[in-house]
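Here are the chains, one letter per residue:
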Amino acid sequence: MTEPGPLEAHLRAQRAAGRKLLVPYVTGGLGAWTDVVRALADAGADAIEIGLPFSDPAMDGPVIQAASEQALAEGATPASILDGLRDIDAGVPLVVMTYYNLVFRAGHERFAADLVAAGVSGIILPDLPLEEQPPWQAAAVPAGIETILLAGPITPDDRLKALCAASRGFVYGVNLMGITGERAVVGEQSAVLARRLKDATDTPVLMGFGVSGPDQARQLAANADGVIVASALMRRLLAGAPVDEIHAFTTSLRAALDGS
Amino acid sequence: MTDPAPTSEPPAAPHPASFMGEPSPDGRFGEFGGRYIPETLMPACIELEAAFRDAWADPVFRAELDGLLRDYAGRPSPLTECVRLSEETGVRILLKREDLNHTGSHKINNVLGQALLTKRMGKQRLVAETGAGQHGVATATAAALMGFECVVYMGEVDMVRQELNVFRMRLLGAEVRPAHSGSRTLKDAVNEAMRDWVATVETSHYCLGSVMGPHPYPWMVRELHRVLGDEAREQSRSLLGGADPDVVVACVGGGSNAAGIFSGFADTDAELVGVEPAGGAAIGRGVPGVVHGMKSFLMQDEVGQVLEAQSISAGLDYPGVGPEHAHLAEIGRAKYHSVNDDEVLDAFVTLTRTEGIIPALEPAHALAWVLRERASLAGRTVLINLSGRGDKDVAQVMDIMARRS
Ligand SMILES: Cc1ncc(COP(=O)(O)O)c(C=O)c1O
């Protein structure tokens, strides 16, 4: 076992203190997104996921697609977003979520160095599965960047074990078969996956995709260490919600998790 | 490749040291290819690869597919020598007539194979993307034939310029869903099809229409089109007294018709030429990148955002290219050139007037390159893959001509 990096160490400590973990997402470069990051931290996020928008987000539903398109239209680039993070001082670890081509195009070493310079601890690359990880890991590990791997409801046991062993920071459990976006109901498969992941690893397990509000967040966190909330927040932002409202919604998620 | 092989072992590659043999176990042609997909799709790609290996080594499957290709799709397609055009250009021009296949293009070869494979995997629903609509029509056709449900994603822009094919798919019982995002063309239809597949993978097969996407698609789709290359080689040898053509030319969108005909000649002395549209020249203008599950050449900006292709032909309006073409370009076994929309329209009219064959706009690219290069090709024999017929494009060309006159 290697020493956990700063992201994983922080999440482990929060978990040890008896807390369910909350990781909200915001698309970088969209409107007043840096204010949103601060509000999320203030409302009780344990880490914050920042999306670097990509032209072809094949794993994302309509809300995050629209947020990505809008951010790109506003001129967002990986460099402008990482610049924005540099002096944000959120007080919690930052995780970047993007598609692999932005990393590949920049070059693995340069991209890892840029993340470090921006104070980012971890990264989620949904289109870079375990088998394709090595060239990126060769740059990320020496730079101290924690790469979070995803597992899904139909991931077989042997793959699940390998994913858990390779994942750093936390393990991302995908609640459902499908793309990002709120769901009124997230099925039993989420709980089954959460229990399988918890059996397989001591690394924190966070469940994401489909989370629409506080009650659901509490239910989904019950079998895992916490939840990731993205589209529910981004839908509000795209509809023009002020930062206060995002803060209030995040506070309600926090309260629901603390009550569980 | 008709020997039965134990299911646990991969079938022998058709040419052991071929330029177009099997990719590496991780699905690579040189540095290109691979499997850049979400974890939720990984089990499906692994299952598909195993199912294809198993089926491809199974003489019963091969016989069933050959039967469908013959009795349903009309294979073998003829090889036509262009007498008047050869006289006019000084280049001996042969056409592989994939336009005469059922549904009007080469796309049916791949689709019938994947549809049989879908049945073999116990799935009942096909998802597909389409640009010009030819792959969508072929998929809808196979779905009707086999009683499958069928959903085809198509960019909104393409739904307008290929309206007839949209209606054709609906007539065949398929549901055509518009892709509203991005450039609203083929690239976005692929994104939508992948989004559908992630949610339905346990019951649906993604019937990808070109030699692109994650492993095993680039390899599998090429193998399913190999039949046209093998036929063309034997047909040209019997026409040319045992010789091969000097040059083999095909248009390249994702690259499936080109891969099919190249695979028949990769291990001969024939030069291989792929022709891209100037506004969608992934190899010509691209740099390596990763999208739609594969590493290949990709039109992208300096940070890695994928650029929108611009072409008169919906079927070639794609910023990427199949990974094996990236590899063939890199090692120099095939050369890739591009032609502009005006050259394509000229070629479209030329073939129609001199040979009485209305080509699709896609293969008109291949002919356009030959016409441009007629001086350097003088006296040589050139085989063009006429990948589809032009019926679908007649209305679009009529509009363009009306606007120009
Ligand atoms: C007739 C025809 N040729 C070629 C293509 C391009 O596809 P590919 O490059 O895979 O052959 C299409 C695609 O729609 C087509 O309809």
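Quick notes on the rules
Residues numbered from 1 in each chain as written. Chains lettered and ligands numbered in written order. Predicted model: local features only at pLDDT ≥ 70, side-chain atom pairs only at ≥ 80, totals over all residues. Heavy atoms only, no water. Helix = DSSP H or I, 4+ residues; strand = E, 2+ residues; numbered from the N terminus. Rg over C-alpha atoms; globule rule 2.2 N^0.38 Å. Contact = heavy atoms within 4.5 Å. Areas by Shrake-Rupley, 256 points an atom, 1.4 Å probe, with all protein chains shown as cover. Expected span 1.5 Å × (residues − 1). Buried < 20%, exposed > 50% of the residue type's maximum accessible area, 1.4 Å probe, protein only. Arc of directions from axis to C-beta. 1 Å grid on protein atoms, 1.4 Å probe; cavity = no way out; pocket = protein on both sides within 12 Å on 5 of 7 lines; lining within 4 Å. Points joined across faces, edges and corners; volume = space filled by probe spheres on them. Nonpolar A, V, L, I, M, F, W, Y, C, P; charged D, E, K, R; others polar. Domains from an automatic or database assignment. Buried area = accessible area lost by both parts, 1.4 Å probe. Salt bridge = Lys/Arg side-chain N within 4 Å of Asp/Glu carboxyl O. Polar contact = N/O pair within 3.5 Å; in protein donor to acceptor, adjacent residues only side chain to side chain. Near = heavy atom within 4 Å. Sits in = over half its atoms within 2 Å of the grid points. Pairing = 2+ DSSP bridges. Axes fitted to C-alpha atoms, helices over the stretch in contact; angles between N-to-C directions.

1. With respect to the overall build of chain B
Item 1. Looking only at helices and strands, chain B has 16 helices and 14 strands in total.
Item 2. Taken against the 2.2 N^0.38 rule, which gives 22 Å for 405 residues, the C-alpha radius of gyration of chain B at 19 Å falls within 12% of a compact globule.
Item 3. The principal-axis extent of the C-alpha atoms belonging to chain B is close to 55 × 50 × 45 Å.
Item 4. By sequence separation, contacts in chain B at least 24 residues apart represent 74% of the contacts at least 6 residues apart.
Item 5. Surface accessibility of chain B: about 13,600 Å² in total, with carbon and sulfur atoms responsible for 53%.

2. Remarks on helix α3 (residues 62-73) of chain A
Because each turn of an α-helix spans 3.6 residues, side chains separated by three or four positions end up pointing in the same direction.
Item 1. Counted at 1.5 Å a residue, the expected span for α3 of chain A with its twelve residues is 16 Å, and the 16 Å between its end C-alpha atoms agrees.
Item 2. Turning to α3 of chain A, its buried residues are Ile64, Gln65, Ala67, Ser68 and Ala71 of chain A. Taken end-on, α3 of chain A shows its buried residues confined to a sector of 165°, consistent with a single buried face. In α3 of chain A, the exposed residues that point more than 90 degrees away from the buried face are Pro62 and Ala73 of chain A.
Item 3. Packing partners of the buried residues in α3 of chain A comprise β1 (21-27) and α11 (231-238) of chain A together with α8 (186-200) of chain B.
Item 4. Glycine 75 of chain A sits one or two positions beyond α3 of chain A and adopts a positive phi of about 95°.

3. Topic: the environment of alanine 140 of chain A
Residues and elements named next belong to chain A.
Item 1. Mapped onto the secondary structure, alanine 140 falls in helix α7 (residues 134-143).
Item 2. For the pair alanine 140 and isoleucine 123, spaced 17 residues apart in the sequence, the C-alpha separation amounts to 9.3 Å.
Item 3. Other than its neighbours up to four places away in sequence, alanine 140 contacts Ala112, Ile145 and Thr147.

4. A look at unusual backbone geometry
Residues and elements named next belong to chain B.
Item 1. The peptide bond linking arginine 75 to proline 76 adopts the cis configuration, its omega dihedral lying at -5°.
Item 2. Residue placement: proline 76 occurs in the loop between α2 (59-71) and β3 (79-81).
Item 3. In the segment running from histidine 215 into proline 216, the intervening peptide bond is cis, with an omega of 15°.
Item 4. Along the chain, the position of proline 216 falls in the loop between β8 (204-206) and α9 (217-239).
Item 5. Notably, threonine 103 is not glycine yet its phi reads approximately 75°, a positive angle.
Item 6. One can find threonine 103 in the loop between β4 (92-97) and α4 (107-120).
Item 7. With relative accessibility at 14%, the residue threonine 103 sits in the buried group.
Item 8. Of note, the phi angle at arginine 184 is positive, near 55°, even though the residue is not glycine.
Item 9. In this structure, arginine 184 sits in the loop between β7 (175-179) and α8.
Item 10. With a relative accessible area of 34%, arginine 184 lands in the partly exposed category.

5. Side note on empty space enclosed by the protein
Item 1. Taken as a whole, this structure holds seven cavities of 30 Å³ or more when the rule is applied.
Item 2. Sorting the residues of the lining of the largest cavity by element identifies β5 (125-130), α5 (134-146), α8, α10 (256-265) and α14 (361-372) of chain B as the ones contributing at least two each.
Item 3. Residues belonging to the lining of the largest cavity are distributed by class as follows: nine nonpolar, 17 polar and four charged.
Item 4. Here the lining of the largest cavity spans two domains, since at least three of its residues come from each of domain 1 (26-67 + 107-206) and domain 2 (74-105 + 227-404) of chain B.
Item 5. For the second largest cavity, the calculated volume is near 210 Å³.
Item 6. Lining the second largest cavity are 20 residues, and of these Ile64, Tyr172, Thr180, Phe209 and Ala230 of chain A lie nearest its centre.
Item 7. Here the residues of the lining of the second largest cavity sort into 14 nonpolar, four polar and two charged.

6. A few points about the interface of chain A and chain B
Item 1. Contacts between the two partners involve 37 residues from chain A, matched on the other side by 37 residues from chain B.
Item 2. Taking both sides of the interface into account, the surface hidden between chain A and chain B amounts to around 2,900 Å²; carbon and sulfur atoms contribute 57%.
Item 3. One can count three salt bridges joining chain A with chain B.
Item 4. Where arginine 28 of chain B meets glutamate 132 of chain A, a salt bridge forms, and the shortest distance between an N and an O atom there is 3.1 Å.
Item 5. At the boundary of chain A with chain B, the tally comes to 15 residue pairs in polar contact (both at pLDDT 80 or more).
Item 6. Of all elements in the fold, only α3, α5 (100-106), β5 (146-151) and α8 (157-166) of chain A reach the threshold of two or more residues within the side of chain A that touches chain B.
Item 7. Along the lines of polarity and charge, the residues of the side of chain A that touches chain B split into 23 nonpolar, six polar and eight charged.

7. Quick notes on the site of the ligand
Residues and elements named next belong to chain B.
Item 1. Within the structure, the ligand sits among 19 residues, and Ser210, Gly253, Gly255, Ser256 and Ser387 are positioned closest to it.
Item 2. A distance of 2.7 Å is found between an oxygen atom of the ligand and a backbone nitrogen or oxygen belonging to glycine 253.
Item 3. In isolation the ligand has 390 Å² of accessible area, and contact with the protein removes 98% of it.
Item 4. Among the cavities detected, the one that contains the ligand is the largest cavity.
Item 5. Of the residues assigned to the shell around the ligand, the class counts are five nonpolar, twelve polar and two charged.
Item 6. Residues lining the shell around the ligand come from more than one domain, with at least three contributed by each of domain 1 (26-67 + 107-206) and domain 2 (74-105 + 227-404).

8. Considering the domain arrangement of chain B
Size of an interface, as often reported, equals the accessible area lost when the parts are brought together.
All names here are of chain B.
Item 1. Per the domain assignment, the segments making up chain B are domain 1 (26-67 + 107-206) and domain 2 (74-105 + 227-404).
Item 2. Taken over C-alpha atoms, the centre of domain 1 sits 22 Å from the centre of domain 2.
Item 3. In total, domain 1 and domain 2 occlude about 2,700 Å² of area from one another, counting both sides; carbon and sulfur atoms represent 58% of this.
Item 4. Along the contact surface separating domain 1 from domain 2 lie one salt bridge.
Item 5. Taking the shortest distance from any N to any O, the salt bridge between aspartate 317 and arginine 161 comes out at 2.6 Å.
Item 6. Taken together, the elements giving at least two residues each to the side of domain 1 that touches domain 2 come down to β1 (28-29), β2 (32-36), α4, α5, α6 (156-161) and α8.
Item 7. Counted by class, the side of domain 1 that touches domain 2 contains eleven nonpolar, 13 polar and seven charged residues.

9. As for the pattern of salt bridges
Residue and element names in this part refer to chain A.
Item 1. Tallied over the full model, the rule gives 53 salt bridges over all chains.
Item 2. Between aspartate 202 and arginine 15 there is a salt bridge; the shortest N-O distance is 3.5 Å. Taken together, the residues aspartate 202 in the loop between α9 (188-200) and β7 (205-208) and arginine 15 in helix α1 (residues 6-16) connect sequence positions 187 residues apart.
Item 3. One network of salt bridges, in which partners are shared, links Glu8, Arg12, Arg15, Lys198, Asp202 and Asp225.

10. What to know about the sheet that holds strand β6 (residues 149-155) of chain B
Residues and elements named next belong to chain B.
Item 1. If you walk across this open sheet you meet the four strands as β7-β6-β5-β8, and the pairing is parallel. Only two strands of the sheet have a single neighbouring strand rather than two, namely β7 and β8. Looking at each pair of strands side by side, their axes are set apart by 25° on average, direction ignored.
Item 2. Relative to β7, β6 runs parallel, the two sharing five bridges. Residue pairing in the sheet places methionine 154 in a bridge with proline 178 of β7.

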